[in-house]
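Below, each chain spelled out in residue letters.
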Amino acid sequence: MSAPDATETVTTLLIADDDEVTRSGLRTLLAAQPGIEVVGEAADGVEVVERARRLRPDVVLMDVRMPRRNGIEATRLLLAEAGSADFASAPPRVVVITTFENDDYVTAALSAGASGFVLKRLPVRQIAEAVRVVAAGEAILFPAALRRMVAARPLDSAAALPKAALTGREEEVLRLMATGLSNPDIAEGLTVSLETVKTHVGNVLTKLGAQNRTHAVVIAYESGLVVPGFTG
């Protein structure tokens, strides 16, 4: 891999997968992508937490079906450590990597705070882009896939919505988030400032007790606030 340009943002990545061939292949392919530095690997959910604490990557690419501790519990443990001695600033963001988009584990990992998911069959450049997007603080949303997963397997977090007392505008912003729109897109659609949208998004996450945008969107689908076919 060639040295990155001095102005290029480099995202550090830890890969967790219990299959050695898959893990090695992902490392080789992703390390060759611009702006990504693979700093380590983990073979199970215990290893990934230990190595994330030591290596402090920006992003963990997390398989969910792993021995000793699955990716759901590993995600929950990592994201609970914000402000701890191991992650004085912020824990790594988590991108779930899975073979099947309707995997029960994927929806549970999103509810545990993962920022999104990618499929193993995707071209490596798309996986790399997902890693970069999540590292920049955005979420990887696939509204159609989320609808299918949540419709088949509603989770307990749906109860968060009726208790949240969202304002009408906050519900509107949440619905637009569920379509996959970014903050600038929402601001343009509502004809308000970007800062106003950021404030509404922050309020939505706080009131729902959501780890991130993806978790908030899962809650929106589970609760019925957003229904299949909604496009904004």
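Residues numbered from 1 in each chain as written. Predicted model: local features only at pLDDT ≥ 70, side-chain atom pairs only at ≥ 80, totals over all residues. Heavy atoms only, no water.

Asks: Pulling in residues and values, what's your account of the packing of helix α1 (residues 20–31) against helix α5 (residues 124–135)?
Replies: Contact pair α1 / α5: the axes reach a minimum separation of 10 Å and the direction vectors enclose 75°. The pairing of α1 with α5 is recorded here as roughly perpendicular in orientation. Each of L26, L29 and L30 in α1 lies in contact with α5, whose residues at this interface are V124, I127 and A128. Residues of the contact of α1 with α5, tallied by class, amount to six nonpolar, no polar and no charged. (Axes fitted to C-alpha atoms, helices over the stretch in contact; angles between N-to-C directions. Helix = DSSP H or I, 4+ residues; strand = E, 2+ residues; numbered from the N terminus. Parallel < 35°, antiparallel > 145°, perpendicular 65-115°, else oblique. Contact = heavy atoms within 4.5 Å. Nonpolar A, V, L, I, M, F, W, Y, C, P; charged D, E, K, R; others polar.)

Asks: Any details on the nonpolar core? Residues and values, ideally.
Replies: Ranked by size, the top nonpolar core spans 23 residues in total, and within it V48, V60, M62 and V96 carry the most contacts. Leave out the neighbours within four places in its chain, and V48 touches L14, A16, A42, V60, M62 and A74. Residues L166, A210, A216 and Y221 belong to the second largest nonpolar core, which totals 22 residues. (Core = buried A, V, L, I, M, F, W, Y, C linked by side-chain atoms within 4.5 Å. Buried < 20%, exposed > 50% of the residue type's maximum accessible area, 1.4 Å probe, protein only.)

Asks: Give a description of the side chain of N183 that names residues and reports values.
Replies: Take N183: it is sitting in helix α9 (residues 183–190). In this structure the side chain of N183 is engaged in a polar contact, spanning 2.5 Å, whose partner is the side chain of R213. (Polar contact = N/O pair within 3.5 Å; in protein donor to acceptor, adjacent residues only side chain to side chain.)

Asks: Requested: an account of the packing of helix α8 (residues 168–178) against helix α11 (residues 213–223), with residues and values cited.
Replies: With their axes 9 Å apart at the nearest point, α8 and α11 run at an angle of 100° to one another. Between α8 and α11, the interaxial angle falls into the category roughly perpendicular. Here α8 contributes L174, M177 and A178 to the contact with α11, which in turn contributes R213, A216, V217, A220 and Y221. Taken together, the residues of the contact of α8 with α11 break down into seven nonpolar, no polar and one charged.

Asks: Report on α5, specifying residues and quantitative values.
Replies: Look at α5: 17 Å from first C-alpha to last across 12 residues, which is about the 16 Å you get at 1.5 Å a residue. I127, A128, A130, V131 and V134 are the residues of α5 that are buried. In a view along the axis of α5, the buried residues occupy a sector of 155°, so they form one face of it. Where α5 is buried, its residues touch β1 (11–16), α1, β2 (36–42), β3 (59–62), β4 (93–98) and β5 (116–119). (Expected span 1.5 Å × (residues − 1). Arc of directions from axis to C-beta.)

Asks: Would you mind going over the pairing of β3 in detail, with residue names and values included?
Replies: In β3, alternate side chains face the same way, and those of V59 and L61 on one face and V60 and M62 on the other are all buried. Pairing analysis gives four bridges linking β1 to β3, with the strands arranged parallel. Looking at the pairing, I15 lines up with L61 of β3. Pairing geometry for β3 and β4, over four bridges, is parallel. Note on β4: the bridge partner recorded for L61 is V95. (Pairing = 2+ DSSP bridges.)

Asks: How would you explain the environment of R213 if you had to name every residue and give the values?
Replies: If you trace the backbone, R213 turns up in helix α11. The class for R213 is buried, based on a relative accessible area of 9%. Sequence separation of R213 and G180 is 33 residues, and the distance between their C-alpha atoms is 9.7 Å. Beyond its immediate chain neighbours, meaning those up to four positions away, R213 contacts A139, M177, L181, S182, N183, I186, V201 and L205.

Asks: I'd like a description of the sheet that holds β5, backed by residues and values.
Replies: Taken in spatial order, the five strands make up an open sheet running β2-β1-β3-β4-β5, and their pairing is parallel. In this open sheet, the two strands that pair with only one neighbour each are β2 and β5. This sheet shows a mean twist of 25° between the axes of neighbouring strands, independent of strand direction. Of the strand pairs in this sheet, β4 and β5 are connected by four bridges, and their pairing is parallel. Opposite T98, over in β5, you have L119 as the bridge partner. Taken strand by strand, α1 contacts β1, β2, β3 and β4, and its axis lies near 165° from that of β2.

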